[in-house]
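# Secondary and tertiary structure notes
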Amino acid sequence: MAAFPHSPNQTFRRLRDRNSPAEFAAMVRRAAKEIGETVSCDARYIGRVESGEIRCPNYAYERVFLHMFPGRTLADLGFSPREAVRGRSAQRSAPFTLKESDVLRRAFMAGGSATVAAATLGFTLLGDTRRLPSRAGESEAAAVEEAVRQIRLLDDRHGADALYRKAAEPLRTAYALLDAGASRQSTEDRLHAGAGELAISVGWLAHDSGRFDDARSHYAEALATARVAGDAGLEAHAFSNMAFLARDCGRPRESVRAAQAGRRAARSLGSPRLLSLLALREAGGWAGLADRKACEESLTRAHTEFSRGTAAADPEWMSFFGEAELESLESRCWATLGEHARAARHARRAADLQDPHFARNVALYTAELADDLTRAGAPDEAAWAGGRVLDLLTEVQSTRVRSMLSGTARALVPHQRSPRVDAFLTRHAAV
């Protein structure tokens, strides 16, 4: 997918020095944490900066970059003045542009609820389909891409339940833009990729909030978009999520087949981490079929690919997939095979490794740990883990997490003579 021509940012490239794009992106994310910012920086974003496609970063990235390189200005980092990039004429020609999401950031910093965040999402990302341009341009393609990032960010921070309905509107607008056509082929390629990724993101919100039929529809829409555009990366992503959904719906053989189809699509993309994730999806399907040997083979392949490290070809959407997620997915395999003590060890590592900034994943991994400990015969430890999840539910809204915790509570009822278990059950009932 070719980007529109700009002068490469050689200054920024020199600042990266000998670090790979993925390594430098990790440095950016760490710097963001230091100042309380949230950016979903990855190798693809660094590539877009260095190619000159991103001529001036948004305000969140600006704060991070200036923190990383104190005493320098954006011009010193090779960027163009903001007014030259976002002048009045550009604003008039782009009726579906996104405003910088400072409102979102302030809502998060003030401890706003997921409902508030979802409402803000609606105001910042919704396009008015009555005012769409006759032909989509680069600003519209960029708006769709930014919508995907914002939805993923909000989901990481708060969970899916309050976001799903709001996020469906940007998806409709993205496909309306795609239907309108683009001013050039490179823009149309970006719109196809952006609309497909948005369909997957909205599908995941439906998936995580228990709307499995809606999720299946959105994933199928993304897969169709990928095949129309000939986008192997988008196709692999769609199959990865379809494999995950099939596992959750109790269709393990479909999960295996979807993961294998994703692996075929991803084979030529040069991303070991993507192949690792697809191997884990396949392992989950084999576990559901009670095929321990095939599950272990897939897990071995997943660890081998993961050990190859990050690559410039790693997709942007895979920013969630680190060691914590690998541990969590392996934990689910052992739990499905009935080895709950082993599953608990992996779930505990997942919770310990996860960046606490991503509250939704911390809650999920800890809920998995509570479930595994309960089934492994450690009710007091399970109650402790369940209490940690209850603490996180003040800022996370996820049907998946709540359902898991309710199952744990039911399983702990026979152990309520334990003071710790009784305290957890009382708190859970109140919530």
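Residues numbered from 1 in each chain as written. Predicted model: local features only at pLDDT ≥ 70, side-chain atom pairs only at ≥ 80, totals over all residues. Heavy atoms only, no water.

### Here's the deal with the overall build of the chain
This is how it is decided: A run of H or I in DSSP counts as a helix once it spans at least four residues, and a run of E counts as a strand once it spans at least two, with each numbered from the N terminus. The contact definition used throughout considers only heavy atoms, calling two residues in contact when any of these lie within 4.5 Å.
Within the chain one finds 22 helices and zero strands. In the chain, 71% of the contacts between residues at least 6 apart in sequence involve partners at least 24 apart.

### Some thoughts on the environment of glycine 52
By secondary structure assignment, the location of glycine 52 is in the loop between helix H3 (43–51) and helix H4 (59–68). Separated by 45 residues in the primary sequence, glycine 52 and serine 7 place their C-alpha atoms 5.4 Å from one another.

### Details of the packing of aromatic side chains
Formally: Whether two aromatic rings pair depends on their centres lying within 6.5 Å, for rings of Phe, Tyr and Trp, where Trp uses its six-membered ring; planes under 30 degrees apart make the pair stacked, over 60 edge-to-face, and the rest tilted. The buried label applies to any residue whose accessible area, calculated with a 1.4 Å probe on protein chains only, is under 20% of its type's maximum; exposed applies above 50%, and partly exposed to all values in between. Placement of a positive charge over a ring is assigned whenever Lys NZ or Arg CZ falls within 6 Å of the ring centre and within 35 degrees of the normal to the ring plane.
A complete count under the given rule lists ten aromatic pairs for this structure. Here phenylalanine 12 and phenylalanine 24 contribute two aromatic rings whose centre-to-centre distance is 5.6 Å and whose plane-to-plane angle is 90°, an arrangement assigned as edge-to-face. Separated by twelve residues along the polypeptide, phenylalanine 12 in helix H1 (residues 10–16) and phenylalanine 24 in helix H2 (residues 21–34) bring together distant segments of the chain. For the pair shown, phenylalanine 12 and phenylalanine 24 are each scored as buried. Taken together, a centroid distance of 5.8 Å and an interplanar angle of 35° make the contact between tyrosine 61 and phenylalanine 65 tilted. Here tyrosine 61 pairs with phenylalanine 65, and both are found in helix H4, just four residues apart, close to one helical turn. Clustering of aromatic rings is evident, with ring pairs tying together Phe12, Phe24, Tyr45, Tyr61, Phe65 and Phe79. Just above the ring of phenylalanine 306 sits the side chain of arginine 273; from NZ or CZ to the centre is 3.6 Å.

### Describing the pattern of salt bridges
The condition is simple: Put simply, a salt bridge is a Lys or Arg side-chain nitrogen that is within 4 Å of an Asp or Glu carboxyl oxygen.
One pass over the structure, following the stated rule, counts 24 salt bridges. Its salt-bridge partner being arginine 360, residue aspartate 208 comes within 2.7 Å of it at the nearest N-O pair. Placement of aspartate 208 in helix H11 (residues 185–208) and of arginine 360 in helix H19 (residues 359–375) is noted, with a sequence separation of 152 residues between them. Classification of arginine 360 by relative accessible area gives buried; the value is 4%.

### A short note on the confidence of the model for the chain
What counts, and what does not: The predictor attaches a confidence to each residue, called pLDDT, with possible values from 0 through 100.
On average, residues of the chain carry a pLDDT of 83, and 84% of them reach 70 or more. Predicted confidence for residues 86–130 stays below pLDDT 50, and this span has 83 contacts to residues more than four positions away or in other chains.

### What about the nonpolar core?
Side chains of nonpolar character tend, in soluble globular proteins, to be buried together. Threshold: The nonpolar core is taken to be a set of buried Ala, Val, Leu, Ile, Met, Phe, Trp, Tyr and Cys residues, with the residues joined through side-chain atoms within 4.5 Å.
Among the nonpolar cores identified, the biggest contains 39 residues, and Leu191 and Leu198 are the most heavily contacted of them. Ranked by the residues each element gives to this core, the list is headed by H11, at nine residues. Look past the residues within four positions of leucine 198 in its chain and what remains in contact with it is Val144, Ala147, Val148, Ile151, Pro170, Leu171 and Ala174. Core analysis: the second largest hydrophobic core is formed by 28 residues, Leu392, Leu405, Leu412 and Phe424 among them.

### Considering helix H14 (residues 252–266)
Which entries qualify depends on this criterion: Here the expected length of a helix is defined as 1.5 Å per residue gap, with one fewer gap than residues.
For H14, spanning 15 residues, the distance from its first C-alpha to its last is 21 Å, which sits close to the expected 21 Å at 1.5 Å a residue. Within H14 the residues assigned to the buried category are Pro252, Ser255, Val256, Ala258, Ala259, Ala261, Gly262, Ala265 and Ala266. Structurally, H14 contributes buried residues whose contacts are with helix H13 (232–248) and helix H15 (272–288).

### Concerning unusual backbone geometry
With a phi close to 60°, aspartate 17 is a non-glycine residue in the positive phi region. Along the chain, aspartate 17 falls in the loop between H1 and H2. Overall, aspartate 17 belongs to the exposed group, its relative accessible area being 51%. If you check the backbone angles, alanine 290 has positive phi at about 60° while not being a glycine. Assignment of secondary structure puts alanine 290 in the loop between H15 and helix H16 (292–307).

### Some points on the packing of H11 against helix H12 (residues 212–229)
Put simply, the rule is: Note on definitions: angles span 0 to 180 degrees between N-to-C directions of axes, and those axes are lines fitted to C-alpha atoms, for helices only across the stretch in contact. Orientation categories follow fixed angle ranges, with anything under 35 degrees roughly parallel, anything over 145 roughly antiparallel, 65 to 115 roughly perpendicular, and all other angles oblique. Each crossing gets its handedness from the near helix: less than a right angle anticlockwise from the far helix is left-handed, clockwise is right-handed. For this classification, the nonpolar set comprises Ala, Val, Leu, Ile, Met, Phe, Trp, Tyr, Cys and Pro, the charged set comprises Asp, Glu, Lys and Arg, and every other residue, Gly included, is treated as polar.
Between H11 and H12, the least distance of the axes is 8 Å, while the angle of their chain directions is 165°. Regarding the angle of H11 to H12, the classification is roughly antiparallel. Handedness of the crossing formed by H11 with H12: left-handed. Taken together, the residues of H12 that come into contact with H11 (itself represented by His192, Gly196, Ala199, Ile200, Val202, Gly203, Trp204, Ala206 and His207) are Phe212, Asp214, Ala215, His218, Tyr219, Glu221, Ala222, Thr225, Val228 and Ala229. Within the contact of H11 with H12, the residues separate by chemical class into eleven nonpolar, six polar and two charged.

### Topic: the environment of alanine 423
Tracing the backbone shows alanine 423 in helix H22 (residues 419–430). Among the residues examined, alanine 423 registers a relative accessible area of 41% and is labelled partly exposed. Separated by 36 residues in the primary sequence, alanine 423 and glycine 387 have C-alpha atoms spaced 8.7 Å apart.

### What about the packing of helix H17 (residues 323–336) against helix H18 (residues 340–353)?
Pairs of packed helices are described in terms of their axes, by the angle between the two and the distance that separates them. Relative orientation of the contacting elements H17 and H18 amounts to 165°, with a least axis distance of 8 Å. One finds that H17 runs roughly antiparallel with respect to H18. Between H17 and H18 lies a crossing of left-handed hand. For the pair H17 and H18, the contacting residues are Glu323, Ala324, Glu327, Ser328, Glu330, Ser331, Trp334 and Ala335 in the first and His340, Arg342, Ala343, His346, Ala347, Arg349, Ala350 and Leu353 in the second.

### Topic: the side chain of glutamate 197
How we decide: In protein, a polar contact means a hydrogen-donor-capable atom and an acceptor-capable atom, both N or O and within 3.5 Å, with residues adjacent in sequence counting only if both atoms are side-chain atoms; elsewhere, any N or O pair within 3.5 Å suffices.
With respect to the element layout, glutamate 197 can be found in helix H11. One polar contact links glutamate 197 to histidine 237, side chain to side chain, over a distance of 2.7 Å. Ignoring sequence-local partners within four residues, the contact set of glutamate 197 consists of Val148, Arg152, Leu234, His237 and Trp317.

### As for the state of the cysteines
Selection criterion: Pairs of cysteine sulfur atoms within 2.5 Å are identified as disulfides in what follows.
Scanning the entire structure with this criterion turns up zero disulfides. Considering cysteine sulfurs only, cysteine 333 is the nearest to cysteine 295, which forms no disulfide, with 4.2 Å between them.

### Section: H16
What counts is decided by this rule: This arc describes the spread of directions from the helix axis toward the C-beta atoms.
Counted at 1.5 Å a residue, the expected span for H16 with its 16 residues is 22 Å, and the 22 Å between its end C-alpha atoms agrees. The set of residues buried in H16 consists of Ala294, Cys295, Ser298, Leu299, Ala302, Glu305 and Phe306. Down the axis, H16 shows its buried residues gathered within 135° of arc, on one side only. For H16, exposure combined with an orientation more than 90 degrees from the buried face picks out Lys293, Thr300 and Ser307. Buried-residue contacts for H16 involve H15 and H17. Backbone geometry just after H16 places glycine 309 at a positive phi near 90°.

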